[in-house]
Amino acid sequence: MNIRETTNLDIEDILLVERAAFKREGEAMLTRNLLVDPTAKPILSLLAYNETQPIGHILFTKATIITAPHIKASMLAPLAVVPQYQKQGVGSALIKKGLQLQSQSGIELVFVLGHIEYYPKYGFTPAAKLGFEPTYPIPNEVADAWMVQALKPGIIGAVSGKVMGCDAMNRPENWRE
Ligand SMILES: CC(C)(COP(=O)(O)OP(=O)(O)OC[C@H]1O[C@@H](n2cnc3c(N)ncnc32)[C@H](O)[C@@H]1OP(=O)(O)O)[C@@H](O)C(=O)NCCC(=O)NCCS
């Protein structure tokens, strides 16, 4: 498996992976919108390949803590692996590579809304109890699906508040699991 950053020429490969993984159009549309949203920058977009076949995609876009806009934060969404390649470590490799590159580029906090059984394996922990309010309210039963990870020490506990994504992310339909 190869993982590399995407370019403008990769949009069809990216959308193919998103559609195959989610079996609907919503995440592909969101991805397309995020990739062209100027407020989403800095972006990190990675594709995983098996030889020439695209098999996984991960995207990180800009997030802002309203009360602490100097903190460099991002949101991980979406993460997609095509069904034939799921449960073979592709998602895991994309998250690890993504977090490593985010850390190198100075990102301090990464937020995600996702499977509570999955993301804690990679260092994420429920965010609301640490003082980070999601952009839109999350139902109580799945409140822990809103998670955060610090890539630098000393930030969690020192800042808190409501977290906003980029313009394309800040729509209620993106905040339902
Ligand atoms: C969720 C998804 C990205 C995981 O990718 P993947 O390549 O299958 O995951 P990995 O093979 O790296 O799995 C790593 C571990 O997580 C587990 N896991 C995989 N998918 C899981 C899920 N949906 N819920 C809980 N655990 C999961 C695996 O069993 C494995 O556990 P192990 O390390 O103890 O063996 C992939 O299944 C997918 O694209 N699903 C459809 C789209 C989706 O739901 N995206 C995530 C939105 S938050």
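In case you missed it, the structure is sitting above this.
Every value quoted in this text rests on a predicted model; they were computed, and no experiment measured them. (Residues numbered from 1 in each chain as written. Predicted model: local features only at pLDDT ≥ 70, side-chain atom pairs only at ≥ 80, totals over all residues.)

Undergrad: Requested: an account of the site of the ligand, with residues and values cited.
TA: Surveying the vicinity of the ligand reveals 17 residues, the closest of which are Ala21, Gln86, Gly91, Ser92 and Gly114. Contributing elements (two or more residues each) for the shell around the ligand: helix H1 (11–22), strand E4 (73–81) and helix H3 (90–104). Its residues assigned to classes, the shell around the ligand shows eight nonpolar, seven polar and two charged. (Near = placed C-beta within 6 Å. Helix = DSSP H or I, 4+ residues; strand = E, 2+ residues; numbered from the N terminus. Nonpolar A, V, L, I, M, F, W, Y, C, P; charged D, E, K, R; others polar.)

Undergrad: With reference to specific residues and values, describe unusual backbone geometry.
TA: The step from Lys41 to Pro42 runs through a cis peptide bond, and the omega angle for that step is 5°. Relative to the helices and strands, Pro42 resides in the loop between helix H2 (26–35) and strand E2 (44–50). Here the residue pair Ala77 and Pro78 is connected by a cis peptide bond, since its omega of -10° sits within 30 degrees of zero. With respect to the helices and strands, the residue Pro78 is situated in strand E4. At Lys23, a residue that is not glycine, the phi angle is positive and equals roughly 55°. Within the secondary structure layout, Lys23 lies in the loop between H1 and H2. We classify Lys23 as exposed; it has 8 C-beta atoms within 10 Å. With a phi angle near 50°, Glu51 is a residue other than glycine that sits in the positive phi range. Tracing the backbone through its elements, the reader meets Glu51 in the loop between E2 and strand E3 (53–65). (Buried ≥ 20, exposed ≤ 12 C-beta atoms within 10 Å, placed from the backbone.)

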